[in-house]
Structure formats: C-alpha cells, structure tokens
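Structural characterization, general
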Amino acid sequence: MRKKIVAGNWKMNKTWEEARILTAEVMGMVADEVTRPVEVILCTPFVYLSSVKSQLGNSRVKVGAQNCSEHDAGAYTGEISAGMLQSMGVPYVIIGHSERRQYFAENNKTLAVKTDKALASGLTPIFCCGEPLEIRENGTHEALVKQQVEEGLFHLSADAIQKVVIAYEPVWAIGTGKTATSQQAQEMHAVIRRHIAAKYGQMVADSISILYGGSVKADNAKELFACPDVDGGLVGGASLKSREFVEIVKAC
Ligand code: PEP
C-alpha cells in the first residue's frame, strides 16, 4: 500500500512566533481529529526546523526542509547540506520546487544530484515536477514532465527510487487559485506512474506516492485525493492556516 501524505510547504512565510503557533495548532488538531494513517509533514523555513521539530516531539506530524545543497560541505555560503538536515533528524526534503527551478535556475541535472545527496543522507526527497502554462497550452506537458522525472530520477536503482516521493505540481496552478481538475491531475499522475513502470516495472511504480500540488484547498482536496493515482498533496498557501490545512489532511 502506498503511503498517503499531506505536506505543507510554508515557503518563506511566518515569523518564529507565528511558526510556533501554527505548529501547535496543527499538532493539536491532527492529534484530536485525524484518525486515518496519513503522513503529515510541515516543510518549514530552515531556521525553524530545529524548534518546530522539538515542539512536535513524538507527535505524528513530521518536519521537512524546502531544499538542500548539491554539495556535501565547504565554501558555499548560505547553503544547507543534506547531511546537516540528517544530523538534525529531519526526515523529508523538497527537491526541485518550481520556484527553485524558476528563480534559482535549478535544472534536472542539479536536481538529480540533490536527490542523490538526500537519499545518501537517509532523507526522503519530495521530488517536484510540473509544467508551466505555455507548455500545457501547446500540449507538450506530458513529454516535459516525463523528461523531468527521467532526468531527475531515472539514474536511481529500483530500490532507491522507491524511497522517493514525487509531487506533480503544474506551475500554472501554484499560488494562482487555479487548481487542475481532478481529471487533469489523475491523467498526469497516471502518465508519471506508467513512465516509472516502463522503466522499473509495475510493482515499483505502484509503491511510489505521487502527490498533487497547486492551489489545493479544503474544498477541492476531497475530489483530488479521490483519484486513484493521487496519493495526497503538497500544499502551499493553504498550509499557512491551521484549520484549512487540517481539513485538507482529513480529506486524504
Ligand atoms: C506549492 O508551493 O507547492 C504549492 C502547491 O502552492 P499552492 O498550494 O499555494 O498553490
């Protein structure tokens, strides 16, 4: 059985005090209201990881980072390595979010290395892929997403790729309020899963959780998560409000 996962991506939001309040609220509501086996992850800014992690204690809510370096150590001012995250007990890291690809020129080649670094440190990478609007409009979105998955992940062994979580996030749906329809999401998740199956076999493909991301809200989550190949969500804006986020978790 694939893991159901809902991960909140806080991006560059919240003061430390606000982060503490949001964490406490999510942790409390998840404990009281979420009975299903959904993995809940808070991907906080690096500076809050340590305090959010200790605040969570042995709660079922986990922390994740939003990025890691492609280097192990050295003169890379401002960077954070996968090994540093491992040393703090951070279990998840987002790799290749479209904002990293767009504003920080991250490409499939760098992301393949980042994925390797995360896996080598025992972290679970949440590997993001997804097409921009013009690619969706010219009809080459399947080819582009397959290429992102291929170049980012297909160098991995069958064992290793099963440790990766994939997030399909159409760029035109991120932070825009424009969600993919459940049919569009299911189609693309099935494309990704078939592509993995063609290379690694159906059993491997069936074991990998593929999350949908792009304006997931409490009122559209249920329909999206009901799709057979959608195993949960990567949630940006709606993860900044505890009640909204927990309702999304409950829809999973
Ligand atoms: C994201 O940042 O991964 C995301 C999906 O953002 P939003 O939910 O705000 O569209």
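Refer to the structure presented above.
Residues numbered from 1 in each chain as written. Predicted model: local features only at pLDDT ≥ 70, side-chain atom pairs only at ≥ 80, totals over all residues. Heavy atoms only, no water.

**As for the site of the ligand**
Lys11, Glu169, Gly175, Ser215 and Gly237 are the nearest of the 14 residues found near the ligand. The separation between an oxygen atom of the ligand and a polar side-chain atom of Asn9 is 3.4 Å. Counted by class, the shell around the ligand contains 4 nonpolar, 8 polar and 2 charged residues. (Near = heavy atom within 4 Å. Polar contact = N/O pair within 3.5 Å; in protein donor to acceptor, adjacent residues only side chain to side chain. Nonpolar A, V, L, I, M, F, W, Y, C, P; charged D, E, K, R; others polar.)

**Here we look at the pattern of salt bridges**
This model, assessed by the stated rule, comprises 13 salt bridges. Residue Asp231 is joined to Arg2 by a salt bridge in which the shortest nitrogen-to-oxygen separation is 2.9 Å. Of this pair, Asp231 sits in the loop between α11 (218-225) and β8 (232-235) while Arg2 sits in the segment before β1 (4-9), and the two are 229 residues apart along the sequence. The same class applies to Asp231 as to Arg2, namely buried. A salt bridge links Glu33 to Arg243; its shortest N-O distance comes to 2.9 Å. Pair noted here: Glu33 is in helix α1 (residues 16-33) and Arg243 is in helix α12 (residues 242-250), with a separation of 210 residues, a long-range link. A network of salt bridges, in which partner residues are shared, links Arg2, Arg193, Asp229 and Asp231. (Salt bridge = Lys/Arg side-chain N within 4 Å of Asp/Glu carboxyl O. Helix = DSSP H or I, 4+ residues; strand = E, 2+ residues; numbered from the N terminus. Buried < 20%, exposed > 50% of the residue type's maximum accessible area, 1.4 Å probe, protein only.)

**Some remarks on the pairing of β1**
In regular strands, side chains alternate between the two faces of the sheet. The element β1 is extensively covered by neighbouring structure, given that 5 of its 6 residues are classed as buried. The pairing of β1 with strand β2 (residues 38-43) spans 6 bridges and is parallel. From the neighbouring strand, Lys4 faces β2, where its bridge partner is Val38. Alignment of β1 against β8, held across 4 bridges, turns out to be parallel. When the sheet's bridge partners are listed, Gly8 is paired in β8 with Val235. (Pairing = 2+ DSSP bridges.)

**Description of α11**
Since the α-helix advances by 3.6 residues per turn, residues separated by three or four positions end up pointing in the same direction. Taken as a whole, α11 has its buried residues at Asn220, Ala221, Leu224 and Phe225. For α11, the angular spread of the buried residues around the axis is 125°, confining them to a single face. Counted as exposed and oriented over 90 degrees from the buried face of α11: Asp219, Lys222 and Glu223. Where α11 is buried, its residues contact β1, α9 (182-200), β7 (210-213), β8 and α12. (Arc of directions from axis to C-beta. Contact = heavy atoms within 4.5 Å.)

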